[in-house]
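Chains, contacts and geometry: an overview
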Amino acid sequence: MRIAIVTETYLPSVDGVVTRLTHAVERFCALGHEVMVIAPDLGAEPCAGERIVGVRPWTLPFYKHRRFTLPSPRVDGIIRGFAPDVVHAAQPILLASSGAYAAHRQRLPLVASYHTHIPRYLDLYPAWRWGKSAVWWQIRRNHALADVNLVTSETMRAELGQQGLQNLHTLRRGVDTERYHPRFASAEMRERLTGGRPDKKLLVFVGRLAAEKEIQTLRPMLDRRDDVALAIVGDGPYRPELEEAFAGTGTVFPGFLRGEELATAFASADAFVFPSVTETLGLVILEGMASGLPVVAARSGPTGEQIADGATGLLYDAGDEASLDRQIDRLGDPELVERIRRSARREAEKLSWESASDDLLRYYEMAIDTHRSR
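It should be emphasised that the depicted structure is a prediction, and the values quoted were computed from it without experimental measurement. (Residues numbered from 1 in each chain as written. Predicted model: local features only at pLDDT ≥ 70, side-chain atom pairs only at ≥ 80, totals over all residues. Heavy atoms only, no water.)

A word on the overall build of the protein
Helix and strand content of the protein: 15 helices and 15 strands. For the protein, whose C-alpha radius of gyration is 21 Å, the value lies close to the compact-globule estimate of 21 Å for 374 residues. For the C-alpha atoms alone, the extent of the protein along its principal axes is close to 60 × 45 × 40 Å. In the protein, of all internal contacts separated by at least 6 residues, the share reaching a separation of at least 24 is 67%. On the protein, roughly 15600 Å² of surface is accessible, and the fraction owed to carbon and sulfur atoms is 49%. Here the protein contributes 46 positive and 49 negative side-chain charges, whose respective centroids are spaced 5 Å apart. (Helix = DSSP H or I, 4+ residues; strand = E, 2+ residues; numbered from the N terminus. Rg over C-alpha atoms; globule rule 2.2 N^0.38 Å. Contact = heavy atoms within 4.5 Å. Areas by Shrake-Rupley, 256 points an atom, 1.4 Å probe, with all protein chains shown as cover. Lys, Arg positive; Asp, Glu negative; His and termini not counted. Charge placed at Lys NZ, Arg CZ, Asp CG, Glu CD.)

Structure representation (structure tokens):
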């Protein structure tokens, strides 16, 4: 196949969408497909032999930490010149919406995927809540063009179905179980992430530091407990606020970690903590599970699809401090922790990126067949 992917985010950015797309592109190229990625021009280098076409990005006033590319008429000509068999618009809101409309105008099969729950995020930014209805209108309009619409969890499939989106399917999850593995545990990294207190229970968070990650909800826990050390790995627009909020608690902010250093950060912790209830999936949960960690996560639809409480992780009720404390207390039970570690790792081993990417290819084929039948 000749596959055109138009995405709001790609390399060198680091997030769940980029992780999924880069693994898919690697798989597609290895299978002999020809892939072109249209993305914000951030200086990306091909990761697997794909062709990358960058479109000029801009810094938006309401999110200055990251640059985005606005809808562009260039996309139509780029796609026309490539003549793909299928177009994949990943999160068609800005640049990717141009991909969706180019496919529509050129009568090409279109797959649209939904990764970031922007309407829910707007609830966390009071100055922008007024735009929520307009965002939903844009989502419905763009996804109505697609032959196949993809989501990352059954929870999001149900919610988008209530919003009127059709032809909805749920993508398989994936994780690199070689990159994330318990064998990377390191006493040196544990010393670093605990701020020199390796005897404490080390909780680690990994991700983009933004308001929607709800990391600040962990702050009261550190006032109540003296048996916990917290490391917040990553960077983002909310980092200054978080550093101020967690000042005096001994919380460590190591910034972005990559490759084996990141794998070591995961494996050296006692648990991975995931306080967000706005994620459409949270691939980082699987990275924690692959690292053999109990994941202590706020209960939500998508987290419940990945974690069985007491079996492959520990779920607490968001906003309920006593519920969070109870689950952290359970980390003091070595037999329970060991069972969860083994079960979490086994669960992650079932979910390869190769299988997830092959699943995406089947949806491309479905879109082509559906388009022909229309």
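Quick look at the side chain of glutamate 214
Along the chain, the position of glutamate 214 falls in the loop between strand S10 (201-206) and helix H8 (219-224). The side chain of glutamate 214 is buried and forms no salt bridge, while arginine 120, the nearest opposite charge, is found at 5.2 Å. Every residue in contact with glutamate 214, bar those within four places of it in the chain, is listed here: Pro275, Ser276, Val277 and Thr278. (Buried < 20%, exposed > 50% of the residue type's maximum accessible area, 1.4 Å probe, protein only. Salt bridge = Lys/Arg side-chain N within 4 Å of Asp/Glu carboxyl O.)

As for the pairing of strand S6 (residues 86-90)
Of all five residues that make up S6, five are buried, and the element is covered over most of its length. Burial along S6 is two-sided: the face carrying Val86, His88 and Ala90 and the face carrying Val87 and Ala89 are both buried. In this sheet, S6 lies alongside strand S1 (residues 2-7) in parallel orientation, the contact comprising five bridges. For threonine 7, the partnering residue across the bridge sits in S6 and is alanine 90. Inspection of the sheet shows S6 paired to strand S7 (residues 110-114) by four bridges, in the parallel sense. By the bridge assignment, alanine 89 is partnered in S7 with alanine 112. Following the backbone out of S6, through helix H3 (residues 95-105) and into the adjacent parallel S7, one traces a crossover that is right-handed. (Pairing = 2+ DSSP bridges. Right-handed = clockwise from strand over helix to strand, strands pointing away.)

Description of the pairing of strand S8 (residues 148-151)
Here S8 shows two buried faces, one formed by Val148 and Leu150 and the other by Asn149 and Val151. Sheet topology note: the S7/S8 ladder contains four bridges and is parallel. Of the residues in S8, the one forming a bridge with valine 111 is valine 148. Taking the sense of rotation as the criterion, the β-α-β connection linking S8, helix H6 (residues 154-162) and strand S9 (residues 168-170) turns out right-handed.

Keep in mind that these numbers describe shape and distance, not what the molecule does.
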